[in-house]
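Geometric and topological summary
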Amino acid sequence: MSDRMKDILKIAVPSVLLALAGLLAAFWLMGPPVPKQVTIAGGSLGGVYAQTAERLSTAMGERKINAEVLTTAGSVDNIRRLQSGEAQIGIVQTGLAGDIDTEGLQSLGAIFFEPLWVFHRSDAPMSDLRDLRGLKVAVGAEGSGTRVLVDLLMQEAGVAAGDFTPADLSGVAAASAVKSGEVDAALIVSSPEADWILDLLADPSVELMSMDRAPALARRHTYLDSVTLYAGVLDPARGLPAGDVTLTAPSAEIVVSDALHPALQSLLMDIAFRDFSGGTLLSDPEAFPTRDLADIPLSEEAQRYYKNGPTFLRRVFNYDVANFLERAWVIAIPLLTLAYPLAKAGPPLYRWRTRRKIYVWYEDLRALEGEGRAAESPEQRAAVRGKLAELQAETGRVEVPLSYTDDLYRLRAHIRFVAELIDRLSVQDRSAQV
């Protein structure tokens, strides 16, 4: 290996080690890696929340995230499971934040309308919730968002708890009960895609009440909206429903633990905009996802996403690469901090090391000159002269770049100068002796 290469390595190796130390420190400071295992709190088997949770799980699986879906009692149960850490993601009905503690939870926004359906027996005509007085009514299971919403609407209508007989039935069970006559009415929160909705609309013994006060309820409660189920929209061939029906509608929102990794939150936002923005029987395209109907504070990641959309890295790279680059941005700080001074210091260090190889001989040369001047005998000066010859020979073996040969030849000239000086002193001594 040449001397020049050795010099370069002596400079490069410490620089590389310093850079590696900076990298290690940066990796230590990097955010935690994205979890590959999460749990989603869905809802009752066959329910819309359970189906929605399965959709999210499948979409996350496409990005190699294993998302387990829990069967739960509904929104209130989902909130409890999120707060206990049993789940990190949940589907929750809007409108619960005012009555239930949601500390530690954040929303990613509402993803679809889930209206309240008020089905009643045809022999028990109804035009308002106040007509439920004296009837047996399915009001949803304990731990469900339906129960919370029904309690609110009954209070708004001035119907006290003792004015009717509640039945803890929801979903399919409530639909079957009103169809069989087990209950006089059923208040059910569900999307219009549920099969039993169409089944009840086709049953002449059951009617769907239009919520004429839905617009007023929407003004009083921002998480509610008034939606219209247009005549024939569910089954044009049979003309179901027979006429336009106004419904009051909360929404389903994606709620996450505030400890959920931001990358997974962003992934859920990607999925929501991909899968829930196409419009439904109750909403126009691009009406969802929306931040406007969420009643739990949005996470910082969701706020950024609604404002700016996916990050540049997520638009350009796939999920895994974008996640790594977004986590690794902190590495750029120490790298740039180290790279600039190293780049600036490298050439001066190389020049200094190259010239040092030359200038280091001057210390020996000065010592030999002093020794030669102080010599008291020809033998001593001859010894000094021999050392100068050795020094000249050693410098002849030094390798330096072409740009530094002038320094090397200047050194050799100075060695020659000192040698001639010693020779002159030797001649003078001989002359003096004669």
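Described in the following lines is the structure provided in the data block. (Residues numbered from 1 in each chain as written. Predicted model: local features only at pLDDT ≥ 70, side-chain atom pairs only at ≥ 80, totals over all residues. Heavy atoms only, no water.)

1. Digging into the nonpolar core
Judged by nonpolar contacts, the single largest core of 33 residues is most densely connected at Val 38, Leu 56, Met 60, Ile 89, Ile 254, Leu 264 and Leu 268. Those elements that place two or more of their residues in this core are strand E1 (37-41), helix H2 (48-61), strand E3 (89-93), strand E4 (105-113), strand E12 (251-257), helix H8 (262-275) and helix H9 (300-308). Considering each element in turn, this core owes the most residues, seven residues, to H8. Discounting residues that sit within four places of it in the chain, Ile 89 has contacts with Val 38, Thr 39, Ile 40, Ala 41, Met 60, Leu 82, Ile 254, Val 255, Val 256, Leu 260 and Leu 268. (Core = buried A, V, L, I, M, F, W, Y, C linked by side-chain atoms within 4.5 Å. Buried < 20%, exposed > 50% of the residue type's maximum accessible area, 1.4 Å probe, protein only. Helix = DSSP H or I, 4+ residues; strand = E, 2+ residues; numbered from the N terminus. Contact = heavy atoms within 4.5 Å.)

2. Digging into a negative patch on the surface
Taken together, the side chains of Glu 363, Asp 364, Glu 390 and Glu 394 present a region of like negative charge at the surface. Taken together, the elements giving at least two residues each to the negative patch come down to helix H12 (329-374) and helix H13 (378-396). Its location among the elements puts Glu 363 in helix H12. (Patch = residues over 30% accessible without salt bridge, like charges linked within 9 Å, V, L, I, M, F, W, Y side chains within 5 Å. Areas by Shrake-Rupley, 256 points an atom, 1.4 Å probe, with all protein chains shown as cover. Salt bridge = Lys/Arg side-chain N within 4 Å of Asp/Glu carboxyl O. Lys, Arg positive; Asp, Glu negative; His and termini not counted. Charge placed at Lys NZ, Arg CZ, Asp CG, Glu CD.)

3. Quick look at the pairing of strand E2 (residues 66-70)
Alignment of E1 against E2, held across five bridges, turns out to be parallel. Within E2, the position partnered with Ile 40 by the bridge is Val 69. Chirality of the crossover, the property in question, places the unit of E1, H2 and E2 among those that are right-handed. (Pairing = 2+ DSSP bridges. Right-handed = clockwise from strand over helix to strand, strands pointing away.)

4. Some thoughts on the sheet that holds E2
Judged by pairing direction, the sheet is mixed, and its five strands sit side by side in the order E2-E1-E3-E12-E4 without closing on themselves. Only two strands of the sheet have a single partner each, and these edge strands are E2 and E4. Geometrically, the sheet is characterised by an average inter-axis angle of 25 degrees between neighbouring strands, direction not taken into account. In this sheet, E12 lies alongside E4 in antiparallel orientation, the contact comprising six bridges. Bridge pairing in E12 links Leu 105 to Ser 257. (Axes fitted to C-alpha atoms, helices over the stretch in contact; angles between N-to-C directions.)

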